[in-house]
Amino acid sequence: MQGIKCIEQSRAVGKTAKLFETIQSQMGTVPNILGTLAHSPATLEGYLSFLNALNNGELTPQLRAKIALGTAGVHQCDYCASAHSSMARHSGLTEQEITRNLTGKSADIQSQSTLTFVARILTERGNIKDEDLIDIRNAGFSEAEIVEIIANTVMSIFTNYFNHIAKTKIDFPEVNTGNFNII
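Only a predicted model underlies this, so the values are computations on that prediction, with no experimental measurement involved.

**Side note on the overall build of the protein**
For step 1, the next point in the chain: The secondary structure content of the protein amounts to nine helices and zero strands.
For step 2, the next point in the chain: In terms of overall dimensions, the protein is globule-like: its C-alpha atoms have a radius of gyration of 16 Å, near the 16 Å expected for 183 residues.
For step 3, the next point in the chain: With the C-alpha coordinates aligned to their principal axes, the bounding extent of the protein is approximately 50 × 35 × 30 Å.
For step 4, the next point in the chain: When each of the 183 residues of the protein is scored for burial, the buried share is 43%.
For step 5, the next point in the chain: Element-wise, carbon and sulfur atoms account for 53% of the exposed surface of the protein, whose accessible area totals about 9700 Å².
For step 6, the next point in the chain: The average position of the 15 basic charges and that of the 18 acidic charges among the side chains of the protein differ by 8 Å.

Printed below as a string of structure tokens:
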């Protein structure tokens, strides 16, 4: 049973309708997560603003995708795994790398350092050790990049938990995180 229903674009009014128009023009569709977040236009607008800010940050689209995939894998969020797998393909990641990322792994050394750091954030609920920060710095990340890795992780936690509670209907090619050995 769906926990929170998606607002259909044709039924949106006021601020929600305006937000949907913007999303439609940028993405070509209004994904179900955004249609469900729209029950609170303030939440949807805040999420989109945070997403936009991070999209204009220091991290590459590929690294942001890897963080989202790694987080979805740890939390076994099939909606986010499905959505981010689809978007990762468009950003140039291979199927093999997407699968690795969902299990907290990467073929790229710097990406692996990122996913290890993200896994530590998730498993330790933010209470990481000094060594974790030393390791991510030694992997070549600046303070700004580290802050953005944390921000992207936290944004992914929000969407993972939201989708678990809302039971958002998957509207991307489905990825079942139960098929992977996560961390």
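**Remarks on helix α6 (residues 95-102)**
For an α-helix, 3.6 residues make a turn, and residues three or four places apart therefore share a direction.
For step 1, the next point in the chain: Every buried residue of α6 is listed here: E97, I98, N101 and L102. For α6, the angular spread of the buried residues around the axis is 140 degrees, confining them to a single face.
For step 2, the next point in the chain: The secondary structure elements touched by the buried residues of α6 are α4 (61-75), α5 (78-90) and α7 (109-123).

**Topic: the layout of surface pockets**
For step 1, the next point in the chain: By volume, the largest pocket amounts to about 900 Å³.
For step 2, the next point in the chain: Together, 33 residues line the largest pocket, and M27, Y47, L51, N55 and M87 are the ones closest to its centre.
For step 3, the next point in the chain: Of all elements in the fold, only α1 (14-27), α2 (32-37), α3 (41-55), α4, α5 and α9 (143-166) reach the threshold of two or more residues within the lining of the largest pocket.
For step 4, the next point in the chain: When grouped by side-chain class, the residues that make up the lining of the largest pocket number 20 nonpolar, 11 polar and two charged.

**A look at the packing of aromatic side chains**
For step 1, the next point in the chain: Enumeration according to the criterion identifies three aromatic pairs in this entry.
For step 2, the next point in the chain: Arranged with centres 5.9 Å apart and planes meeting at 80 degrees, the rings of Y79 and F172 form a pair that is edge-to-face. Of the two residues, Y79 sits in helix α5 while F172 sits in the segment after α9, which places them 93 residues apart along the sequence.
For step 3, the next point in the chain: Judged by relative accessible area, Y79 falls into the buried class, the value being 4%.
For step 4, the next point in the chain: Under the relative-accessibility criterion, F172 is labelled partly exposed at 21%.
For step 5, the next point in the chain: Ring geometry for F158 and F162: centres 6.1 Å apart, planes at 35 degrees, overall tilted. Of this pair, F158 and F162 both sit in helix α9, four residues apart, roughly one helical turn.
For step 6, the next point in the chain: You can call F162 buried: its relative accessible area is 16%.

**A few points about the environment of S142**
For step 1, the next point in the chain: With respect to the element layout, S142 can be found in the loop between α8 (130-138) and α9.
For step 2, the next point in the chain: Separated by 132 residues in sequence, S142 and S10 place their C-alpha atoms 45 Å apart.

**Side note on the side chain of T114**
For step 1, the next point in the chain: Tracing the chain through its elements places T114 in helix α7.
For step 2, the next point in the chain: When its relative accessible area of 0% is taken as the criterion, T114 is described as buried.
For step 3, the next point in the chain: Residue contacts for T114: discarding those within four places in its chain leaves L63, I67, I136, F141 and I149.

Calculation notes
Residues numbered from 1 in each chain as written. Predicted model: local features only at pLDDT ≥ 70, side-chain atom pairs only at ≥ 80, totals over all residues. Heavy atoms only, no water. Helix = DSSP H or I, 4+ residues; strand = E, 2+ residues; numbered from the N terminus. Rg over C-alpha atoms; globule rule 2.2 N^0.38 Å. Buried < 20%, exposed > 50% of the residue type's maximum accessible area, 1.4 Å probe, protein only. Areas by Shrake-Rupley, 256 points an atom, 1.4 Å probe, with all protein chains shown as cover. Lys, Arg positive; Asp, Glu negative; His and termini not counted. Charge placed at Lys NZ, Arg CZ, Asp CG, Glu CD. Arc of directions from axis to C-beta. Contact = heavy atoms within 4.5 Å. 1 Å grid on protein atoms, 1.4 Å probe; cavity = no way out; pocket = protein on both sides within 12 Å on 5 of 7 lines; lining within 4 Å. Points joined across faces, edges and corners; volume = space filled by probe spheres on them. Nonpolar A, V, L, I, M, F, W, Y, C, P; charged D, E, K, R; others polar. Phe/Tyr/Trp six-rings, centres within 6.5 Å; stacked < 30°, edge-to-face > 60°.

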